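Residue-level listing of the chains:
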Amino acid sequence: MAAPHACLTFITDRLVLRPLVYADLDRVSELFAVPTVARELGLDARTLMAAKDRLRRCEAHWDRYGYGPSGLVERSTGVFVGLAGLVRNEERDELGIEFSITPDRRGRGYATEALRAWIAWAASRRLADHLVTTVPEHHTAMPQTLERLGFVADPDPVLDGAAERGRVRWCLDLSLVGS
Ligand SMILES: CC(C)(COP(=O)(O)OP(=O)(O)OC[C@H]1O[C@@H](n2cnc3c(N)ncnc32)[C@H](O)[C@@H]1OP(=O)(O)O)[C@@H](O)C(=O)NCCC(=O)NCCS
């Protein structure tokens, strides 16, 4: 059954951002099967299981909150080029942002373009004070992307045990967006 809120779609210069759904299983499995992507996202090696689990949680998230991770579709080709979107963490009372661009579409500014759309939306809805994300230490491209968007690395993060070991936490003050 379609999620009641599954209509939140953004159209940017080069991308369509539409809800990520279980029907994206083939595309997401392919993305998660790339070893660097699995490491970046901190995924279990059993890719298909990870993709199924992620997509089930994704649909439940859209149902519950009316927002969630989007699948990114390249407007000029219709090709699936990654995912990006907001994820609520009830335990930590935080709003996270997650994203991954398929390796063959990196270096085109797609992460920045997709994340900007979500950040502007979150700020306009006053969904939280901050957005957070954790990324692997020593990732060469991520700091530039996050800094460009206004994120700052948390110098003294409270990390979430094993799940976040070896990762750096970045925060964006949503009150500064658009100011
Ligand atoms: C890091 C990552 C986000 C980069 O994706 P991307 O789409 O290439 O990132 P950006 O949007 O920052 O664009 C990168 C480059 O494209 C360039 N670019 C090329 N054409 C462009 C255009 N038309 N517009 C804007 N930028 C363009 C930019 O100059 C930028 O290069 P620079 O950083 O050297 O200046 C991607 O590798 C990724 O998905 N990593 C994994 C993410 C992750 O770890 N997720 C886990 C936490 S949720």
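Residues numbered from 1 in each chain as written. Predicted model: local features only at pLDDT ≥ 70, side-chain atom pairs only at ≥ 80, totals over all residues.

As named in an unreviewed UniProt entry, the protein is Protein N-acetyltransferase, RimJ/RimL family, taken from Raineyella antarctica.

**Student:** Now, about the overall build of the protein: what can you tell me, with residues and values included?
**Tutor:** Scanning the protein for helices and strands turns up five helices and eight strands. Taken from N to C terminus, the helices and strands of the protein fall in the order β-β-α-α-α-β-β-β-α-β-α-β-β. Every one of the 179 residues in the protein was classed for burial, and the buried ones make up 27%. Nonlocal contacts in the protein, meaning residues at least 24 apart in sequence, comprise 60% of its contacts between residues at least 6 apart. (Helix = DSSP H or I, 4+ residues; strand = E, 2+ residues; numbered from the N terminus. Buried ≥ 20, exposed ≤ 12 C-beta atoms within 10 Å, placed from the backbone. Contact = placed C-beta atoms within 7 Å.)

**Student:** Outline the site of the ligand, supporting the account with residue identities and numerical values.
**Tutor:** In the vicinity of the ligand lie 19 residues, with Glu-40, Gly-109, Ala-111, Thr-112 and Thr-145 positioned nearest. Listing elements by their share of the shell around the ligand, those giving two or more residues are helix 2 (35-41), strand 5 (94-101), helix 4 (110-124), strand 6 (130-136) and helix 5 (142-148). (Near = placed C-beta within 6 Å.)

**Student:** Tell me about the nonpolar core, and name the residues and values.
**Tutor:** For soluble globular proteins, nonpolar side chains are generally found buried alongside one another. Counting residues in each nonpolar core, the largest one holds 35 residues, and the members touching the most others are Leu-72, Ala-84, Ala-114, Leu-115 and Trp-118. Listing elements by their share of this core, those giving two or more residues are strand 2 (15-19), helix 1 (25-32), helix 3 (47-65), strand 4 (80-89), strand 5, helix 4, strand 6 and strand 8 (167-173). No other element matches the seven residues that helix 4 contributes to this core. Ignoring anything within four residues of it in the chain, the contact list for Ala-84 reads Leu-17, Pro-69, Ser-70, Leu-72, Phe-99, Ala-114, Leu-115 and Trp-118. (Core = buried A, V, L, I, M, F, W, Y, C linked by C-beta atoms within 7 Å.)

**Student:** Could you give an account of helix 4, naming the residues involved and the relevant values?
**Tutor:** The terminal C-alpha atoms of helix 4, which comprises 15 residues, lie 22 Å apart, in line with the 21 Å expected from a rise of 1.5 Å per residue. Of the residues trailing helix 4, Arg-126 is marked for its positive phi of about 50°. (Expected span 1.5 Å × (residues − 1).)

**Student:** Which residues make up unusual backbone geometry, and what values do they have?
**Tutor:** Of note in this structure, Arg-126 is not a glycine but carries a positive phi near 50°. Turning to its location among the elements, Arg-126 is positioned in the loop between helix 4 and strand 6. You will see that His-138, though not glycine, has its phi angle at about 70°, which is positive. Along the chain, His-138 falls in the loop between strand 6 and helix 5. Judged by the 9 C-beta atoms lying within 10 Å of it, His-138 is exposed.

**Student:** Now, about the sheet that holds strand 2: what can you tell me, with residues and values included?
**Tutor:** Pairing in this open sheet of eight strands is mixed, and the strands run 1-2-3-4-5-6-8-7 from one edge to the other. What marks the edges here is a single partner per strand, and that holds for strand 1 (10-11) and strand 7 (152-153). (Pairing = 2+ DSSP bridges.)

**Student:** If you had to explain the environment of Met-142 to someone new, which residues and values would you point to?
**Tutor:** Within the secondary structure, Met-142 sits in helix 5. Separated by 31 residues in sequence, Met-142 and Ala-111 place their C-alpha atoms 9.7 Å apart.

**Student:** Account for helix 1, naming residues and giving values.
**Tutor:** Every buried residue belonging to helix 1 is among Val-28, Leu-31 and Phe-32, and all of these are buried. Angular distribution of buried residues about the axis of helix 1 spans 95°; they occupy a single face of the element. Looking at the packing, one finds that the buried side of helix 1 touches helix 2, helix 3, strand 4 and strand 5. (Arc of directions from axis to C-beta.)

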